[in-house]
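Structural overview for review
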Amino acid sequence: MNLLKRMTLLLSAIFLFVGCSVESDSILIENVTLLSMESDELSENYSVLITDGRIAWVGPAADARTFRGATIITGDYYVMPGLAEMHAHIPGANQGEEYMKAVLGLYLSQGITTIRGMLGQPAHLEMRELAAAGEIDSPRIFTSGPSFSGNSVSDPDEARQRVRDQVEAGYDLLKFHPGLSVELFEAITDEANALGIEFSGHISHAVGLERSLEAGKGSIDHLDRYMEFLAGDPADREDPSIIYFGYDLAYQADEERIREAARKTREAGVWNVPTNTLLVNVFSPDYTPEQMNEWPGMEFIPENTRNGWVNFVSDLRSGDDYDEEQARRFLELRNKLTLALHEEGAGLLLGADAPQIFNPPGYSAHRELALLVEAGLSPFEALKTGTVYVGEYLGEEDETGKIAEGYRADLIFLSANPLEAIPFHDHIEGVMKDGRFYDRSDLDELLDRIRQAID
Ligand SMILES: [Zn+2]
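Quick caveat, the model's predicted, so the values are computed rather than measured. (Residues numbered from 1 in each chain as written. Predicted model: local features only at pLDDT ≥ 70, side-chain atom pairs only at ≥ 80, totals over all residues.)

1. Observations concerning the overall build of the protein
- Secondary structure summary: the protein contains 16 helices and 15 strands in total.
- Dimensions of the protein along its principal axes, counting C-alpha atoms only, are 80 × 45 × 45 Å.
- A burial count over the protein gives 48% of its 455 residues as buried. (Helix = DSSP H or I, 4+ residues; strand = E, 2+ residues; numbered from the N terminus. Buried ≥ 20, exposed ≤ 12 C-beta atoms within 10 Å, placed from the backbone.)

2. Quick word on the nonpolar core
- By size, the foremost hydrophobic cluster in this structure holds 128 residues, and its most contacted members are Val79 and Leu349.
- Of the domains in this structure, domain 1 (3-81 + 403-454) and domain 2 (83-393) are the two that each give at least three residues to this core.
- Look past the residues within four positions of Val79 in its chain and what remains in contact with it is Ile29, Val32, Leu34, Ile403, Leu411 and Phe413. (Core = buried A, V, L, I, M, F, W, Y, C linked by C-beta atoms within 7 Å. Domains from an automatic or database assignment. Contact = placed C-beta atoms within 7 Å.)

3. Comments concerning the domain arrangement of the protein
- Domain boundaries in the protein define domain 1 (3-81 + 403-454) and domain 2 (83-393).
- Distance between the C-alpha centres of domain 1 and domain 2: 31 Å.
- Across the contact, 23 residues belong to domain 1 and 30 residues belong to domain 2.
- Mapped onto the side of domain 1 that touches domain 2, the elements with two or more residues apiece are β14 (428-433) and α16 (440-454).
- Top element by residues in the side of domain 1 that touches domain 2 is α16. It accounts for seven residues.
- The class makeup of the residues in the side of domain 1 that touches domain 2 is 16 nonpolar, one polar and six charged. (Nonpolar A, V, L, I, M, F, W, Y, C, P; charged D, E, K, R; others polar.)

4. Comments concerning the environment of Val103
- Note that Val103 resides in helix α2 (residues 97-109).
- A residue is classified by how many C-beta atoms lie within 10 Å of it, and Val103, with 26 of them, is buried.
- For the pair formed by Val103 and Ser147, sequence separation is 44 residues and the distance between their alpha carbons is 21 Å.
- Residues within four places of Val103 in sequence aside, it is in contact with Ile90, Pro91, Pro355 and Pro361.

5. Regarding the sheet that holds strand β8 (residues 140-143)
- Pairing is parallel across the open sheet formed by three strands, whose spatial order is β6-β7-β8. At either margin of the open sheet sits one strand with a lone partner, and together these are β6 (83-88) and β8. With direction set aside, neighbouring strand axes in the sheet form an average angle of 15 degrees.
- Sheet topology places strand β7 (residues 112-117) next to β8; four bridges connect them, and they run parallel. The residue bridging Ile115 from the neighbouring strand is Ile141, located in β8.
- Against the sheet, helix α3 (residues 122-132) touches β7 and β8, its axis set at about 155 degrees to β8. (Pairing = 2+ DSSP bridges. Axes fitted to C-alpha atoms, helices over the stretch in contact; angles between N-to-C directions.)

6. Describing the pairing of strand β15 (residues 436-439)
- Pairing of β14 with β15 involves four bridges; the strand directions are antiparallel. Bridged to Met432 within β15 is Phe437.
- Joining the antiparallel neighbours β14 and β15 is a turn of two residues, in which Asp434 adopts a positive phi near 50 degrees.

7. Observations concerning unusual backbone geometry
- A cis geometry characterises the amide bond from Ala354 onward to Pro355, with omega recorded as -10 degrees.
- Within the element layout of this structure, Pro355 appears in the loop between α12 (324-344) and α13 (363-375).
- Positive phi values are uncommon outside glycine, yet Met37 reaches one of about 75 degrees.
- Relative to the helices and strands, Met37 resides in the loop between β1 (27-34) and β2 (43-51).

8. Considerations on the packing of helix α9 (residues 276-283) against α12
- Put simply, α9 and α12 touch, their axes get as near as 10 Å, and they point 170 degrees apart. Taken together, the axis directions place α9 and α12 in an arrangement best described as roughly antiparallel. For the pair α9 and α12, contact is made by Asn276, Leu279, Val280 and Phe283 and by Ala327, Phe330, Leu331, Arg334 and Thr338, respectively.
- Class assignment for the residues of the contact of α9 with α12 results in six nonpolar, two polar and one charged. (Parallel < 35°, antiparallel > 145°, perpendicular 65-115°, else oblique.)

9. Focus: helix α8 (residues 258-268)
- Every buried residue of α8 is accounted for by Ile258, Ala261, Ala262 and Thr265. Buried residues of α8 fall within an arc of 95 degrees about the axis and therefore sit on the same side.
- Residues of α8 that are buried make contact with α6 (208-215), α7 (226-230), β12 (271-273) and α12. (Arc of directions from axis to C-beta.)

10. Looking at α13
- The terminal C-alpha atoms of α13 lie 19 Å apart, and with 13 residues this matches the ideal 18 Å at 1.5 Å per residue to within 8%.
- For α13, the buried fraction is high: 10 of the 13 residues fall into the buried class.
- All of the buried residues along α13 are Tyr363, Ser364, Ala365, His366, Arg367, Glu368, Leu369, Leu371, Leu372 and Ala375.
- Considering only its buried residues, α13 is in contact with β6, β7, α9, α12 and α14 (379-385). (Expected span 1.5 Å × (residues − 1).)

11. Some details on the environment of Arg128
- Turning to its location among the elements, Arg128 is positioned in helix α3.
- With 22 C-beta atoms packed within 10 Å, Arg128 lands in the buried category.
- Here Arg128 is in contact with Ile141 and Thr143, once residues within four sequence places are set aside.

12. A word on the pairing of β6
- With six of its six residues buried, β6 lies for the most part within the structure.
- In this view, the connection linking β6 to its parallel neighbour β7 by way of α2 has right-handed handedness. (Right-handed = clockwise from strand over helix to strand, strands pointing away.)

13. With respect to the confidence of the model for the protein
- Summing up the model confidence of the protein, the mean pLDDT is 93 and the portion of residues at 70 or higher is 95%.
- In the predicted structure, residues 5-22 sits below a pLDDT of 50 and forms 15 contacts with residues beyond four places in sequence or in another chain. (pLDDT = per-residue confidence, 0-100.)

14. A word on the packing of α6 against α8
- The geometry of α6 relative to α8 is characterised by a closest axis approach of 9 Å and an angle of 20 degrees between their N-to-C directions. Judged by the inter-axis angle, α6 sits roughly parallel to α8. For the element pair α6 and α8, the recorded crossing hand is left-handed. Where α6 approaches α8, its residues Glu210, Leu213 and Glu214 are matched on the opposing element by Lys264, Thr265 and Ala268.
- Tallied by class, the residues present in the contact of α6 with α8 amount to two nonpolar, one polar and three charged. (Left-handed = near helix turned anticlockwise from the far one by under 90°.)

Set out below in structure tokens:
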């Protein structure tokens, strides 16, 4: 039994002894300012009752007096729903269980209470169960299986079998990488649609945006193949490096087609996880690798990984293909696409792609929020991509992404108004996951343990 559970039992015993209340297993978050995400209005002097990992009651603090016996959390806090990182990576088992857990803890420490792991393996299914049971400090985990790509499948029947195997194994979604032929893509998506498992990630060169949208389901990540669509899918073009995402088409892309792309996406009901920070980190002349190496959270990335990122970006930017103006044009088009998708009502989800290329877990999701605002979303709309829309994507509109009765008790406690403080990783005073509260000193302890695991 862990210490928290023991203390809770002890407290329950004390309350039973004094006959004080039936609420002794509950937590009362008392007299705080809420951003419930029901609207962009703040609710001042509000209280929230948590029972069994769920929000049992929300209302003005003055009405909460009857909940005597509950453990009280109070302070000068802004409280909002926990955020989701929808393009997360969990390290592989080959990097050691300790490192895997450290990365999961890092997400949680930054207020990320849900992650969607985008390159799964059996060990991640175990982590998912441990997280659900509250046995590790971790966000709630959704995970893809190992990816489908031109390297991992070669024959339609084999591909269909691989879909069935991953469904059987219990993965939450399929992950696509590039290199799939149309024939393979159709076999995989047909099998996936029949079994009701979604597919997300990259779009293969041969498949293209429109065919992918027609197949439906899941999310497109990194705004993959939108540039090709804007450039009219040039037929003679060879598929460049995976990290380009159409950078080479920056001057051929027709801005007039952005609306059409957004409309088609909305009609298909397909989500997007833009991961704009990934592409900014790779291409933006505004940030040198040396600067990015000093960004918040980078101290939790192993040194050889950081050096790898510095070398990768330095090499790319000193290569023949790189041009500052072209990079700016590319990033500008991505911002316009992001905004158009949002305005058109095509779903956006928060995701940075961590830990990849100067994206420390958790920290980079906050940076992605800032980039969504830079693209033209209001702060409230940006926050919805990590909360309310995540609930919609998961089919959990009634339990994920808001502070309201019946919702999961996944919360962030802040010293600043989240609508005014994006990126607010510096203002996190506490995190609650499934009703378990980590105050600032718990989070600092967690970060110390993570630091040791990484050294
Ligand atoms: Zn990724």
